[in-house]
Amino acid sequence: MAATGNAEEMQLQETEEEAEMEREMESDEEEGMGIENSDNDEDDSSEDEKENEAEIQRLEEQLSINAFDYNCHVDLIKLLRQEGELPRLRKARQKMSELFPLTEEIWLDWLKDEIHLTEEEPNREKIYELFERAVKDYICPEIWLEYAQYSIGGMGQPGGIEKVRSIFERALTAVGLHMTKGATVWEAYREFENAILATVQPPPGSVPTREQQEHLNTQLERIYTLFRRQLAIPLMDMEGTYAEYEEWSDQGVSDTITQKYKRALQQMEKSKPYEETLIAAEPPKLAEYQTYIDYEQKEGDPARIQIIFERALAENCLVPDMWAKYTKYLDRQLKIKDLVLSTHERAVRNCPWTMGLWKNYLLALERHGADHNTISDVFEKALNAGFIQATDYVEIWQAYLDYLRRRVDFSKESSRELEELRAAFTRSLDYMKQDVEERFSESGDPSCTIMQVWAKIEALHCKNMQKARELWDSIMTKGNAKFANMWLEYYNLERSYGDALHCRKALHRAVQCTSDYPEHVCEVLLTFERVEGSLEDWDAAVQKTETRLNRVNEQRAKVAEKEAHLARQEEEKTEQRRKAKADKKNQKKGQKGTRPGEKRKAEEEDYEEEWGEESEQPPKRPRGEGHGGFREDGVGADESMDTESGLFGRRAPPVRRQEPSGTKRGQHGASTTVRKTQEDDQEQRKDDCSVFISNLAFTMEDPERRLKELFEPCGPVQSVRAVYAPKGFRGYCYVQFEGKASVTEALKMDRQEVDGRPMFVSPCVDKTKNPDFKVFKYNTNLEKHKIFISGLPFSCTKEQLEELCKDHGTIKDIRLVTNRSGKPKGLAYVEFEDEAHASQAVLKLDGTVLQEHTLSVAISNPPRRNAADKPALSRPVGSMVPRNMVYGSRGKGRTQLSLLPRSLHRQTGSESKAENGTAPKPTDGTSGDTGFEAQAKPLSNSDFAKMLLKK
């Protein structure tokens, strides 16, 4: 038994040894793997560090080029904080804070990092200075709470407790009225006072001295006072604060405190819906905040109005309109210097591109008596702010010049302020010429408003008419001499501060140079001489005006004759094209003959040619897709159509002969019947109750029913007149309503998608009575509230574009530009509520990447119409090339065979080899000066036969 036991024991010992060896081997393997993994981690970490360092260097280089790249600053700070580069991080934060106000998150991260670094330093003043900078940017409860809590750490220093209380009192003034977050500051303040109370309370069972009892009573009174102050303010969950006060108060709650609490509770209940709306709303919550502000302004409590403005701006710091409304309220209502000026400064730091904020800032500085150097420094900062329009620079210069003019004492003949004003006027003109014109390719001041003001100041205040006349000479040489109003402005200046001699000279020059309203300046000259002139002056004025008006009438007659000549040329070309089509039709008939089964087909082709259609396309309605707006240019219906002449216009096809009843008419017969019925009802049509619908799909089934169902929500539909071709529906129709009011609603459906195509909806207008009528005028003005985006991916949707733009302001409308088939062009227009939002969107979105496409964003600025966009009567002769000449010798015909004889081909070749402008004379005896029309005239079959016989 003993031997067996020993054997088992030995076997167990061997098993344990083997297990121990396996564990050691596994441990060694794990250690090896750990070393290997550690090496891999170190390699990965090293690569990440290299990539981060490369990215940091790239961002720093980018900021050296453009220091105002906000997003680049944010990315650099994140990377440096991730890498732990504290000195570089501090420097990056410092640079960003000098250019931009920092958000609450950036400030809290910065403060926490600096607090951690200076925990063991006895000097806490650096952190206090940083907190003071932080609370000036935005009114944030979290930053104030962090400030107060940090100050508690220094309460052991001399005057530390009083400093904590001072910071808490400032925090209550700044954010104590914040309905949702203000209670946290109140509670922190009470907890601080409770901690002090615990230090002054005597030990249990001991009798306090008189001095201790006074300290105790004073501290208790501080806590009671905080409770009473908080209960008088409407805050969320104030019921809990009231219950806590009841527990604290040994003598119960007085009626006065209870009444104040109930009034605050009622006020809180009134404001609660607005707070709940803000909580449920999605950023930026501009509409919700504006509604809340309107309510508080009706209530009239300045402190509560101020806090709701601050809350709105903390979430919408880049909305210039909100800053403008806030500063306007402070300027007109509170008028507290420090508060007003600090808010104006914050406004221009947040939205430096908005000229109106800088202008109001200058006015506020002057209003509150700021020194001249401060105002001048702010103006210089405004010039470097980077406005997006040339006119902004004109306005900011005008504001500064107005300030300088108000400083001058004109009772003195010469003063330092007057010289400074003149120097500023000279500098402003140089700035407009050198800086603004180079950047915007325009001066921004075409009427020379600044020079006009300068001339008036010299004439009125300085009695220096010589300088005023020099300024007006310069104004006229800048392209203003052709405008009557500019001459009359100068004449009025001479009339008020000059003499009759210079008035007469000004009017004579005006008669000679004015091109827009010459009759008006002539009348002013004659009136002036009638009142003040001699007989010789009167005779000279009459002769001057008669000569000028005769020359003007001759020029107008030449222009009218030229336009008439162009109109005749256009009519002749139209007649040539009509004859060419007729010859082509006769030629086809001669080639095809009248074989059975082909007569019907030939008639249908001729019918299409009468329409001028070579393919199944509906009449085009020009719609300007230029860099303009949502409905810039175009006409309501096809300009070649005339509603007075019936459904088909002036070029309506002739009525077909009645075919035998046994003939199978098919679709064409049905459409002919429909057309005839519609022509019978022509007298019952009312254009003012109708709309023209185009760009519909040719494959639309039962268009009358579809269109009636589509437009019935706009009002009762009297009839739907669809237009058919022999091959089917042509893609456009007329919808007539019972009342005129329905037309307005129907026009709102323009560009609505129907069967995958944008439907065009336009008014019906009789073009014979209104030949120049245009539904959509071509917009050539700068649309400051609208941006134009190009480079979009074709897959971009309206929702994606709205998501991209909504952070930059309130969006009123978005339109993705498509072609007639509904396919996207990669272009879009986004209309914002105001121009400030659009300006912000341009700054932030231009150059951004969306789905690997780089976007180009600009303020909507439509190009001016060129000659090709003008009506046909004003087009140059060179643009009126007949259709068959545009496409070469074969034209745009359907055949692939050229019917031109070879002899004519050779003749054309010889003509092309003519040198020095000399062409061979015609061989048929006709004159070589037949002109462009004769060359473009097509030849008939008989003409070809004559040419061949001559050969």
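Residues numbered from 1 in each chain as written. Predicted model: local features only at pLDDT ≥ 70, side-chain atom pairs only at ≥ 80, totals over all residues. Heavy atoms only, no water.

Q: Can you tell me about the packing of aromatic side chains, naming the residues and giving the values?
A: Per the stated rule, a full pass over the model turns up 34 aromatic pairs. For the ring pair Tyr 224 and Trp 248, a centre distance of 6.5 Å and an interplane angle of 85° mean the geometry is edge-to-face. Of this pair, Tyr 224 sits in helix α9 (residues 210-231) while Trp 248 sits in helix α10 (residues 238-248), placing them 24 residues apart in sequence. Cluster of aromatic residues (ring-pair linked, three or more members): Phe 379, Phe 387, Tyr 393, Trp 397, Tyr 400, Tyr 403, Tyr 431 and Phe 440. Taking NZ or CZ as reference, Arg 124 lies 3.9 Å from the ring centre of Tyr 150, over its face. (Phe/Tyr/Trp six-rings, centres within 6.5 Å; stacked < 30°, edge-to-face > 60°. Helix = DSSP H or I, 4+ residues; strand = E, 2+ residues; numbered from the N terminus. Lys NZ or Arg CZ within 6 Å of the ring centre and 35° of its normal.)

Q: Outline the sheet that holds strand β8 (residues 824-832), listing residues and values.
A: Adjacent strands of a sheet form backbone hydrogen bonds with each other and so pair up, either parallel or antiparallel. Pairing is antiparallel in the open sheet, where four strands are placed in the order β7-β8-β6-β11. The sheet terminates laterally at β7 (811-818) and β11 (856-860), the two strands that pair on one side only. Here the strands of the sheet are splayed against their neighbours by 20° on average, with no regard to which way each runs. Looking at chain direction, β7 and β8 are connected through seven bridges and run antiparallel. Residue Asp 813 lies in a different strand from β8, and its bridge partner there is Glu 831. Across the sheet, helix α31 (residues 835-845) touches β6 (783-790), β8 and β11, and the angle it forms with β6 is around 30°. (Pairing = 2+ DSSP bridges. Axes fitted to C-alpha atoms, helices over the stretch in contact; angles between N-to-C directions. Contact = heavy atoms within 4.5 Å.)

Q: Describe a negative patch on the surface, listing the residues and the values that go with them.
A: On the surface, Glu 187, Glu 191, Asp 237, Glu 239, Glu 269 and Glu 276 cluster together to form a negatively charged patch. Elements supplying a minimum of two residues to the negative patch: α8 (182-200) and α11 (255-280). Mapping Glu 239 onto the fold places it in helix α10. (Patch = residues over 30% accessible without salt bridge, like charges linked within 9 Å, V, L, I, M, F, W, Y side chains within 5 Å. Areas by Shrake-Rupley, 256 points an atom, 1.4 Å probe, with all protein chains shown as cover. Salt bridge = Lys/Arg side-chain N within 4 Å of Asp/Glu carboxyl O. Lys, Arg positive; Asp, Glu negative; His and termini not counted. Charge placed at Lys NZ, Arg CZ, Asp CG, Glu CD.)

Q: Hey, could you go over the sheet that holds strand β5 (residues 757-763) for me, with residue numbers and the actual values?
A: Overall, antiparallel pairing links the five strands, which are arranged β2-β3-β1-β5-β4 in an open sheet. Only two strands of the sheet have a single neighbouring strand rather than two, namely β2 (717-725) and β4 (752-754). Each neighbouring strand pair of the sheet contributes to a mean axis angle of 30°, computed without reference to strand direction. Note: β4 against β5, three bridges, orientation antiparallel. Pairing of Val 754 across the sheet is with Arg 757, part of β5. Against the sheet, helix α28 (residues 703-711) touches β1 (690-694), β2, β3 (728-737), β4 and β5, its axis set at about 140° to β2.

Q: Before we move on, can you summarise unusual backbone geometry with the specific residues and values?
A: Residues Pro 283 and Pro 284 are joined by a peptide bond in cis, for which omega reads 10°. Non-glycine residue Arg 751 carries a positive phi angle of around 70°. Structurally, Arg 751 is set in the loop between α29 (741-747) and β4. Positioned with a positive phi, Gln 851 is a non-glycine residue whose angle comes to about 55°. Tracing the backbone shows Gln 851 in the loop between β9 (849-850) and β10 (853-854).

Q: Lay out the packing of helix α17 (residues 372-383) against helix α18 (residues 390-407) in plain terms, naming residues and giving numbers.
A: Contact geometry of α17 with α18 gives a least axis separation of 10 Å together with a crossing angle of 170°. Comparing the axis directions of α17 and α18 gives the class roughly antiparallel. Mapping the contact onto sequence places His 372, Ile 375, Ser 376, Phe 379, Ala 382 and Leu 383 in α17 and Tyr 393, Ile 396, Trp 397, Tyr 400, Tyr 403, Leu 404 and Arg 407 in α18. Each residue belonging to the contact of α17 with α18 can be placed in one class, and the counts come to 10 nonpolar, two polar and one charged. (Parallel < 35°, antiparallel > 145°, perpendicular 65-115°, else oblique. Nonpolar A, V, L, I, M, F, W, Y, C, P; charged D, E, K, R; others polar.)

Q: Tell me what's going on with the pattern of salt bridges, and back it up with residues and numbers.
A: Pairing between side chains becomes possible if they bear opposite charge and their charged atoms approach one another. Enumeration over the complete set of coordinates arrives at 46 salt bridges. Across the pair Glu 142 and Lys 181 runs a salt bridge whose closest N-O atoms are separated by 3.1 Å. Separated by 39 residues along the polypeptide, Glu 142 in helix α6 (residues 141-152) and Lys 181 in the loop between α7 (160-175) and α8 bring together distant segments of the chain. Given the relative accessible area of 33%, Lys 181 is considered partly exposed. A salt bridge links Glu 296 to Arg 304; the shortest N-O distance between them is 3.5 Å. (Buried < 20%, exposed > 50% of the residue type's maximum accessible area, 1.4 Å probe, protein only.)

Q: Lay out the environment of Glu 835 in plain terms, naming residues and giving numbers.
A: Positionally, Glu 835 belongs in helix α31. Judged by relative accessible area, Glu 835 falls into the partly exposed class, the value being 41%. Taking the C-alpha atoms as reference, Glu 835 lies 3.8 Å from His 785; in sequence the two are 50 residues apart. For Glu 835, the residues in contact, after removing those within four places along its chain, are Lys 784 and His 785.

Q: For the pairing of β1, give the residues involved together with the corresponding values.
A: For β1, a buried count of five out of five residues is recorded, marking the element as mostly surrounded by other parts of the structure. The alternating pattern of β1 places Ser 690, Phe 692 and Ser 694 and Val 691 and Ile 693 on opposite faces, both of which are buried. Pairing analysis gives four bridges linking β1 to β3, with the strands arranged antiparallel. Across the sheet, Ile 693 pairs through a bridge with Cys 733, a residue of β3.

Purely spatial values, then, with no claim about function.
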